[in-house]
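Now for the letters of each chain:
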Amino acid sequence: MNILVIKLGAAGDVIRTTAILPGLKEKYPNAKIDWVTQSHYMDIVEGNPFIRNIYSINKDDTELTSNSYDLVINCDDDLKACALASQVPHRYLTGAYLHGKSIAYTPNSAPWFDTGLVSRFGLRKANILKRQNNKTYQELWYNVLGIPYKKQRPSLVLADKNIKFANDFAKKNRIGSRDYVIGFNPGSSKRWWDKKMSLGDAVKLGWGIIDKHPNAKVILLGGPEETDRNELIKKRLPFLIDSGTKNTLNDFASIVNLCNTVITSDSLAMHTAVALKKKVITFFAPTSHKEIELYNNGHKVLPIKGCVGCYRKECRIKPIYDIDGMIKLI
C-alpha cells in the first residue's frame, strides 16, 4: 500500500497534519507513506518514523508523477497541491484536486473543505459552518479517512544539531534543568494579523507572569514578521529572554522544547508545543478554537471582545482578553 500525503503549509498546519500518520499505519500496517510539502518546510517532517520519502512541491513533481500510489490524500486547498493531486497516478484520491481550472474536493472530505476558503457554498456559508463545527482538525481528518479517532498525536523530531542549539541557548541564558521555563508568543504572522495580542495586553500579561512566578525563566518567541513588535515588548518587559526571530523552524522548535508551558496565539508556536507535549495556553481570534486539539494538556482562551471562527483578514472589533483570568491558568 503506497500512500502520498500532500500538505504544503503553513508550518503549523504541516505539524498538526502529521497526526494522521499513526492512524494510517494502524489502518494500513504495511503502508509506505510519502509526503509532499514546500522545500522550506521539509525539515519539519524530516526524521518522522512514519514517512518513507519527503518531496518538495515543484522541485520533485516529475519524480512524483512517475510514481504510482494506491491512495493520494491532499489536505491542502493550494492550487499547486490540487494540480499535483490530480496529476499523480493513483487508484484512490481523498481531498482537494483540480477539476479543469477549478478546485474541487472529494465528497468524503467535505466536512473539512466545506468550512474553508474553497467551500462550494461560498465564504459566508463557510464561516457559518466553521462556527457550527465542534470537531478538531485531527478528528475531522480521521473521520474523512475512515479511521477511529483516539487522539493520535502529531509528531516533530528534533535532530541532534537542533538539540545542541537549544542546549547552547539555555547555557548562554542560564536556564537550568530545574527552572520553570515559560515560552511567551504574543504575536502572529501577517496572514492572520489579528491573531496577535495587543501590545498593552501582552505587556500586562508579561508582568502578571513574572509576578506569579518570580523565579521563572520567560522566553520571548516569535518569527521574522514580529521582529519590530518584539523589540517594543522587550523594552517594556526587561526580564524576558529573547530567542530572536530569525531561527530556523527546527531551531525554533528546539527552544520551545526547553519550555514547561507555552503561552501563545493560534500559531506555529502552539502547534510546535502541542507536538512536543508541552502545556499550552492558547488565545484565539479570529480563527476557530474548536478545531484545535490540545490533548488534555492546556487551556483555550477566547476574547471577551472580538470574534472567533471566521476568515476575515482583519477583525472589526480588535480582540481583548481577560488577562487576570489567563494568569490564573499559568
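Every chain is numbered on its own, with residues counted from 1 as its sequence reads. In keeping with the model being predicted, local features are shown solely for residues with a pLDDT of at least 70 and side-chain atom pairs are shown and tallied solely at 80 or more, while totals for entire chains, interfaces and linings include all residues. As a convention, hydrogens and water are excluded, and side-chain values are obtained from all of the structure's heavy atoms.

Undergrad: Where do I start with the environment of Phe121 in this structure?
TA: Labels follow the DSSP assignment, with helices taken as runs of H or I lasting at least four residues and strands as runs of E lasting at least two, numbered in each case from the N terminus. Considering the arrangement of structural elements, one finds Phe121 in the loop between helix 6 (110-113) and helix 7 (123-132). Phe121 gets classed as partly exposed once you look at its relative accessible area, which sits at 40%. Counting along the chain gives 29 residues from Phe121 to Tyr92, while the straight-line C-alpha distance between them is 25 Å. Every residue pair with non-hydrogen atoms within 4.5 Å of one another is taken to be in contact. Excluding its chain neighbours within four sequence positions, the residues that come into contact with Phe121 are Asp114 and Leu129. Think of it in three bands: with a 1.4 Å probe and only protein chains considered, a residue is buried below 20% of the maximum accessible area for its type, exposed above 50%, and partly exposed in between.

Undergrad: Sorry, what's going on with the pattern of salt bridges here?
TA: Between side chains of opposite charge, a pair can form when the charged atoms approach closely. The salt bridge criterion pairs a side-chain nitrogen of Lys or Arg with a carboxyl oxygen of Asp or Glu, the two atoms within 4 Å. Enumeration according to the criterion identifies 12 salt bridges in this entry. Ionic pairing is found between Lys234 and Glu231, a salt bridge with its closest N-O pair at 3.0 Å. One end of the pair, Lys234, and the other, Glu231, are both in helix 11 (residues 227-236), 3 residues apart, so they sit about a helical turn from each other. When salt bridges that share partners are traced, they join Glu231, Lys234 and Asp242 into one network.

Undergrad: How should the sheet that holds strand 4 (residues 69-74) be read in this particular structure?
TA: Hydrogen bonds between backbone groups are what pair the strands of a sheet, and the pairing can be parallel or antiparallel. If you trace the 6 strands from one edge of the open sheet to the other, you get 3-2-1-4-5-6, paired in mixed fashion. Two strands close off the open sheet at either side, each with one partner strand: strand 3 (51-56) and strand 6 (102-105). Along the sheet, successive strands turn relative to each other by an average axial angle of 25°, direction set aside. The angle between two axes is taken between their N-to-C directions and runs from 0 to 180 degrees, where each axis is a line fitted to C-alpha atoms and a helix contributes only its stretch in contact. Packed onto the sheet, helix 2 (residues 20-27) meets strand 1 (2-6), strand 2 (32-37), strand 3 and strand 4 and runs at close to 155° relative to strand 2. When DSSP finds at least two bridges between two strands, those strands are taken to pair.

Undergrad: What am I meant to see in helix 10 (residues 199-212) here?
TA: Since one α-helical turn is 3.6 residues long, residues separated by three or four positions face the same way. The span expected for a helix works out to 1.5 Å for each residue beyond the first. In this model, helix 10 (14 residues) spans 20 Å end to end at C-alpha, consistent with the 20 Å of a helix rising 1.5 Å per residue. Buried-residue contacts for helix 10 involve strand 7 (181-185), strand 8 (217-220), helix 11, strand 10 (261-265) and helix 14 (323-329).

Undergrad: Just to check I follow, could you spell out the nonpolar core for this structure?
TA: Generally speaking, nonpolar side chains in soluble globular proteins are found buried as a group. Nonpolar cores are built from buried Ala, Val, Leu, Ile, Met, Phe, Trp, Tyr and Cys residues. Side-chain atoms within 4.5 Å join them into one set. By size, the foremost hydrophobic cluster in this structure holds 61 residues, and its most contacted members are Ile3, Val5, Ile20, Leu24, Ile73, Trp141 and Ile219. Ranked by the residues each element gives to this core, the list is headed by helix 8 (residues 137-145), at 6 residues. Ignoring anything within four residues of it in the chain, the contact list for Val5 reads Ile20, Leu24, Ile33, Asp34, Trp35, Val36 and Ile73. Phe184, Ile209, Ala285 and Ile327 belong to the second-largest nonpolar core, a separate cluster that totals 24 residues.

Read these as layout, nothing more, since geometry by itself doesn't imply function.
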